[in-house]
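# Geometric and topological summary
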Amino acid sequence: MELIQLTPRMDVDPAQRLRSPGDVLLLDYMLPATANPQQLARRTGIRALHLREILTDARPMTPRQAIRLALVLDTSPLYWLVLQARHDLAREAQRITSSRR
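First, a word on what this report is: a plain description of the structure on this page. (Residues numbered from 1 in each chain as written. Predicted model: local features only at pLDDT ≥ 70, side-chain atom pairs only at ≥ 80, totals over all residues. Heavy atoms only, no water.)

If you walk through the whole model with that rule in mind, you get six salt bridges. A salt bridge links Arg91 to Asp57; the shortest N-O distance between them is 3.2 Å. In this pair, Arg91 sits in helix H5 (residues 77-99) while Asp57 sits in the loop between helix H3 (48-55) and helix H4 (63-73), placing the two residues 34 residues apart along the sequence. Residue class for Asp57 comes out partly exposed when judged on its relative accessible area of 31%. For the salt bridge of Asp88 with Arg91, the shortest nitrogen-to-oxygen distance reads 3.3 Å. With a gap of three residues between them, Asp88 and Arg91 both fall in helix H5, about one helical turn apart. (Salt bridge = Lys/Arg side-chain N within 4 Å of Asp/Glu carboxyl O. Helix = DSSP H or I, 4+ residues; strand = E, 2+ residues; numbered from the N terminus. Buried < 20%, exposed > 50% of the residue type's maximum accessible area, 1.4 Å probe, protein only.)

Printed below as a string of structure tokens:
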């Protein structure tokens, strides 16, 4: 396995559409598998309420949830946390930009 080399100027391709972890979870994993939050909760051990909150962007993805999803969905925990970090950074940048006006 190759590790990602972190650099001070590291960034994500801005051409990629910004998506929340909940959006990715729903559209890329749950809908194709016809899974609902209760089913995914049983498989991951994440409370269904928390999954619904992640899906609606009312709750951020935690490292524990990222690990649990990664184990069940054959992804890496880092994948989910990078999605969350990118989403959080974009949202905060928008807040800062709009408050300067």
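This part takes up a nonpolar patch on the surface. A surface patch of nonpolar side chains, about 550 Å² in accessible area, is lined by Ile4, Leu6, Met10, Val12, Leu78 and Val82. With respect to the secondary-structure elements, Val82 resides in helix H5. Using a relative accessible area of 39% as the deciding quantity, one classes Val82 as partly exposed. (Patch = residues over 30% accessible without salt bridge, like charges linked within 9 Å, V, L, I, M, F, W, Y side chains within 5 Å. Areas by Shrake-Rupley, 256 points an atom, 1.4 Å probe, with all protein chains shown as cover.)

This paragraph deals with the nonpolar core. When a protein is soluble and globular, its nonpolar side chains tend to lie buried together. Grouped together as the largest cluster of nonpolar side chains are 15 residues, with contacts concentrated most on Leu25, Leu40, Leu51, Met61, Leu69, Leu73 and Trp80. Of all the secondary structure elements, the ones that give two or more residues to this core are helix H1 (21-30), helix H2 (37-44), H3, H4 and H5. Setting aside chain neighbours within four positions, we find Leu73 in contact with Leu25, Tyr29, Leu40 and Trp80. (Core = buried A, V, L, I, M, F, W, Y, C linked by side-chain atoms within 4.5 Å. Contact = heavy atoms within 4.5 Å.)

Tallying each qualifying case throughout the model produces two aromatic pairs. Taken together, a centroid distance of 5.5 Å and an interplanar angle of 55° make the contact between Tyr29 and Trp80 tilted. Residue Tyr29 is found in helix H1, and its partner Trp80 is found in helix H5; the two are separated by 51 residues along the sequence. Taking the relative accessible area as the measure of exposure, Trp80 reaches 0% and is therefore buried. Between the aromatic rings of Tyr79 and Trp80, the centroid separation amounts to 5.0 Å while the plane-to-plane angle is 75°, which identifies the pairing as edge-to-face. Three or more aromatic residues joined by ring pairs make a cluster, and in this case those are Tyr29, Tyr79 and Trp80. (Phe/Tyr/Trp six-rings, centres within 6.5 Å; stacked < 30°, edge-to-face > 60°.)

Note that all results are geometric; they support no functional claim without further evidence.
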